[in-house]
Amino acid sequence: MTETLLPDAAGLARAAALLREGQLVAFPTETVYGLGADATNGAAVAGIYAAKGRPSFNPLIVHVASLAQAARLVEIGPEAERLASAFWPGALTLVLPARADNGIASLASAGLPTLGIRLPAHPVARQLLEATGRPVAAPSANPSGRVSPTTAAHVLSGLSGQISAVLDGGPCPVGVESTILGLTGAPTLLRAGGIPAEAIEACLGAPLAAPPAYDTPSSPGQLASHYAPSGTLRLNAAAPRPGETLLGFGPVDAPLNLSPSGDLTEAAATLFSHLHALDAQGATHIAVSPIPDHGLGRAINDRLRRAAAPRR
Ligand code: TXA
Ligand code: MG
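Computed from a predicted structure; not experimentally measured.

Q: Before we move on, could you go through the UniProt feature "binding site: ATP" (unreviewed entry) in the chain and cite the residues and values that matter?
A: UniProt records the feature "binding site: ATP" (unreviewed entry) for Arg54, Asn58, His63, Thr114, Arg118, Ser140, Ser148, Arg191 and Tyr227 in the present numbering. Of note, asparagine 58 is situated in the loop between helix 2 (42-52) and strand 4 (61-63). Among the secondary structure elements, serine 148 is positioned in the loop between strand 7 (136-137) and helix 6 (152-159). We classify serine 148 as buried; it has 26 C-beta atoms within 10 Å.

Here is the structure:
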């Protein structure tokens, strides 16, 4: 049985107690719902991989309540400090050198000498992290390879019965995952996400290195087929062909539209709900309108390309 908890004092206390006991608890962040486990508890972290059916080479993001807590886990250099003060709390994950003896279960970072770390902005996530008092490892709360959840109902439709609880904080405001930036060498965009790359480049005053190709083994987690609904996707579709359901963007006639006004922030926030809805209605062939490839459009196009990639 998976408990649904309200984000009130009692629900937060219960969720924090479950996490400290080594249980799995899904919780809202501003990007997507995360599937949390105490990052210092190897057995609890193993439970995440089991519940998601996730390949064990794919490292997890560790969520913290404060910059001070982050500084106990990773080496924060001048660039990380500048980015953290500009974008934390928020939708930016920094991959940094892990500190020795930081207490994080090695399974959380899949044995890498680095750690992906994020201070989320969602008030429910922040209160939960405060109450738990430990770093919390949390991938998106979906079965591996499926569409990320932006509501508690999405979480339950994929993981009900496999996790102890979900904290229901309503829909996630950003709707796509965090931007992941590698800072162990030249700043590298590892995943486009909720903070536009242009904003990061403006903060650093330099362009970011390109993301590695999705299929190279040196970029864990960048599986080509990911975020996939059951139907097939055809991208940059001017119009649907016979038998296709159009997922629109902008002023097109479509049963589902990411943003009729062509607003990228709205499109990011509605992307995964629309993919879940297409799954629920059994759409087998989905055509998607073109999405401009700047700002949040880069994250949206990245998720759509992966959803359209050949399935393994
Ligand atoms: O918005 C988000 O980032 C959400 C919420 C819950 O915070 N989390 C999320 O986690 O999207 P997940 O596990 O679905 O994606 C994490 C990505 C993976 O592709 C993984 O390979 C990469 O982060 N990652 C984590 N730690 C890393 C590391 N040390 N080095 C390189 N990549 C890392
Ligand atoms: Mg994910």
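We are not done yet, so read on.
Q: Lay out the packing of helix 8 (residues 264-280) against helix 9 (residues 296-308) in plain terms, naming residues and giving numbers.
A: Running from N to C, helix 8 and helix 9 point in directions that differ by 20°, and their axes come no closer than 8 Å. Classified by the angle their axes make, helix 8 and helix 9 are roughly parallel. In this structure, helix 8 crosses over helix 9, and the sense of that crossing is left-handed. Across from Leu264, Thr265, Ala267, Ala268, Leu271 and Leu275 in helix 8, the residues of helix 9 making contact are Leu296, Gly297, Ala299, Ile300, Arg303 and Ala307. The residue inventory of the contact of helix 8 with helix 9, partitioned by class, reads 9 nonpolar, 2 polar and 1 charged.

Q: Give a detailed account of helix 2, specifying residues and quantitative values.
A: Residues Ala44, Val45, Ile48, Ala51 and Lys52 constitute the buried set of helix 2. One side of helix 2 holds all its buried residues, which, seen down the axis, span an arc of 120°. Across from the buried face of helix 2, at angles greater than 90 degrees, the exposed residues are Ala43 and Ala50. At the exit of helix 2 stands glycine 53, carrying a positive phi of roughly 65°.

Q: Please provide a residue-by-residue account of helix 8, values included.
A: Along its 17 residues, helix 8 runs 24 Å from first to last C-alpha, staying within 8% of the 24 Å computed at 1.5 Å per residue. The largest bend in helix 8 amounts to roughly 40° and is located at threonine 270. In terms of burial, helix 8 is largely enclosed, as 12 of its 17 residues are buried. Residues Leu264, Ala267, Ala268, Ala269, Thr270, Leu271, Phe272, Ser273, His274, Leu275, His276 and Leu278 constitute the buried set of helix 8. In this structure, the buried residues of helix 8 make contact with helix 6, strand 12 (245-248), strand 13 (256-257), strand 14 (285-288) and helix 9.

Scoring rules and cut-offs
- Residues numbered from 1 in each chain as written.
- Chains lettered and ligands numbered in written order.
- Predicted model: local features only at pLDDT ≥ 70, side-chain atom pairs only at ≥ 80, totals over all residues.
- UniProt positions renumbered as here; feature names shortened; annotations may be inferred.
- Helix = DSSP H or I, 4+ residues; strand = E, 2+ residues; numbered from the N terminus.
- Buried ≥ 20, exposed ≤ 12 C-beta atoms within 10 Å, placed from the backbone.
- Axes fitted to C-alpha atoms, helices over the stretch in contact; angles between N-to-C directions.
- Parallel < 35°, antiparallel > 145°, perpendicular 65-115°, else oblique.
- Left-handed = near helix turned anticlockwise from the far one by under 90°.
- Contact = placed C-beta atoms within 7 Å.
- Nonpolar A, V, L, I, M, F, W, Y, C, P; charged D, E, K, R; others polar.
- Arc of directions from axis to C-beta.
- Expected span 1.5 Å × (residues − 1).
- Bend = angle between axes of the 7 residues up to and from the residue.

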